[in-house]
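Structural overview for review
So you can see what is in the structure, the chains are spelled out below.
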Amino acid sequence: MGVNCIAAGELLSPFLDGELSREEEARLTEHLEGCPACRCELDEIKRVVAAVNYLGKREMAAPAGFSSAVMARINEEKTVTKNRLRHLKQAAAGAAAVLLLTAGVTALKPEPSGQIAQTPAQIESSGANQGGNPGSDLKSPGDGATGANNQPNSSPSDNSNESSDKLVDNNNENQRSSGVYSGSGSVQFTGDKEYVIVSTFIKIKVDDSEAAQEKARALVNNNGAQMQSLGQQTSDGKLCLVEKIVVSNSEAQNLVKELTALGSLISHQEQKADITQRYSELYNQYIALKNERAQTQDSAEAVQLERQIKQIEDQWRALEQQTSSQTIVLWLQQQ
Amino acid sequence: MTDSIDLVQLAQKGNTKAFEKLIEDYQNRVFSYCYHLTGNYDNAQDLAQEVFIQAFNSLKSFRREADLGTWLRRIALNKWINSQRRNKFITVSLDESAASTNGEYFREIAADDESPVEKIEQEEFARLVWQALGRLGSEFRQVLILRDMEEYSYEEIASLLGCSLGTVKSRLNRGRKHIREEIDLLRRESGDGPLNKKDF
């Protein structure tokens, strides 16, 4: 069966491209033989296609200075990339430090607030036992002072003392009587000491990484520290066991020395983050909030302020933990 | 003279001078191609720059036995298609006076063995086709360029544009009708008649 002009018109374009089936092509050819109009249309399509094709083959000159413009952009992008990489490295280093510190904090199991709030002196006296004395207060880290002479200027009122008992879920009587809301100067900052968080990275080559892991665990236990396996990593094509160890400042140096002796040392890096400023800021916030809390008569505002005070206490404790202990990341690389 | 393979090898090792030389060697081809795709001088310049920048960044993945020109065209084509998807480089203002930016452009179309009159007629016709192409919707212009200018098969076009074979067929059919209508319109606007058989 032949095709009419309308149907033929639909077939002309694919016919030109050789995209018709044999049957379609035969029907169209038959139509074209008897239809000058469709033949003319086909010719017109051919001419346009030829013109478009020819246009595509023409070459024109690139604008003057084109290559210089491209190279300028490439150099510009290289500079930007370098800067980004530098920032990325800095950010990565920062993130690694934060990770180490965060990991160090989370590795310590959550404990009642009275136990967490040990002074380094108390940690030392308890052999870095994280249990510690349940009667300890929040104190300026590292100084071991009672703080009797360093109380915040704004002693909390009786009201605040009462509210603290509600906010701080602590059944310990000593904590109640000498806690942050008691006016005994539990959050203190003298400003005459630097507070530093130390993290150490040790990578050693060992004959048997699993045996070395066991030895490391024994050393960690002997030093009253805690060890957590972070799994396996591949470094330079070698399998490494990665351990995270949290140890008190007093025992850290000794433990690092013992761990390093487990194999031949590949790398030893120590990173220090000075957080004295952070302590100072927290202390100022604390004092300001305590003052506000002492003066407010609005119960809703009081609750809000007490919540904020509690948050600062929590942050203070976290900082204390971080400054009273060190995190060691130990890589045991199989020979 | 250092050939392209040596220059590529040097550029792959980070020699920017070698890459700059490669740009100089290929810039006209790439720019022309980009001009055909975008139909606009400024957009062609932007696209061509992006082609070379991507080439520089991806040079390590380039296999030396491949043809650099083909590789650059492929980058340009992909960038053009992607940019069209993002509505960038849309040819809303195709250079109607291509000759003004490059006077030789249309004059070279006519074959050498044709008479001066025929050359003038063909030059005029090429100008009309170019203008008509610029008046088409981007979906039609795209398939006409890919098929009639770049000679891709229907299957390749479908793959490049991520559409069905039927869509390619339909767009080509309609695109070729539309461009003829636009050419007739342009001729009427300029006081000439419809398509002339002598034109190509």
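Preceding block: the structure.
Residues numbered from 1 in each chain as written. Chains lettered and ligands numbered in written order. Predicted model: local features only at pLDDT ≥ 70, side-chain atom pairs only at ≥ 80, totals over all residues.

Remarks on helix α11 (residues 276–295) of chain A
Residues and elements named next belong to chain A. Applied cut-off: Comment: elements are numbered from the N terminus, with helices defined as DSSP H or I runs of at least four residues and strands as E runs of at least two. By this rule the span expected of a helix is its residue count minus one, scaled by 1.5 Å. With C-beta atoms placed from the backbone, a residue is labelled by how many other C-beta atoms lie within 10 Å of its own: buried for 20 or more, exposed for 12 or fewer, partly exposed between the two. To obtain the arc, one takes the directions from the helix axis to the C-beta atoms.
Across its 20 residues, α11 extends 29 Å between first and last C-alpha, which sits within 8% of the 28 Å expected from 1.5 Å per residue. Taken together, the buried positions of α11 are Y279, Y286, L289, K290 and R293. All buried residues of α11 project into a common sector of 105° when viewed along the axis, lining one side. Away from its buried face by more than 90 degrees, α11 exposes Q277, N284 and Q295.

What about the interface of chain B and chain A?
Keep this limit in mind: Here the contact rule is simple: place C-beta atoms from the backbone, and any two residues whose C-beta atoms are within 7 Å are in contact. In this count, Pro and Cys sit with the nonpolar residues alongside Ala, Val, Leu, Ile, Met, Phe, Trp and Tyr, while Asp, Glu, Lys and Arg are called charged and the others, Gly among them, polar.
Counting residues at the interface gives 42 residues for chain B, matched by 32 residues for chain A. Mapped onto the side of chain B that touches chain A, the elements with two or more residues apiece are α2 (16–38), α3 (41–58), α7 (116–135), α8 (138–149) and α10 (165–189) of chain B. Examining the composition of the side of chain B that touches chain A, we find that eleven residues originate from one element, α2(B), more than from any other. Along the lines of polarity and charge, the residues of the side of chain B that touches chain A split into 22 nonpolar, nine polar and eleven charged.

What to know about the sheet that holds strand β2 (residues 226–235) of chain A
Residue and element names in this part refer to chain A. Threshold: Strands were regarded as paired on the criterion that DSSP finds at least two bridges between them. In this analysis an axis means a line fitted to C-alpha atoms, helices contributing only their contacting stretch, and an angle means the value between N-to-C directions, from 0 to 180 degrees.
One open sheet accounts for five strands, arranged β2-β3-β5-β1-β4; its pairing is mixed. The two strands at the open ends of the sheet, each matched to only one other strand, are β2 and β4 (264–274). Sheet twist, expressed as the average angle between the axes of neighbouring strands with direction ignored, equals 15°. Here helix α9 (residues 209–222) sits on the sheet in contact with β1 (196–206), β2, β3 (238–248) and β5 (325–334), set at roughly 0° to β3.

Structural measurements only, silent on function.
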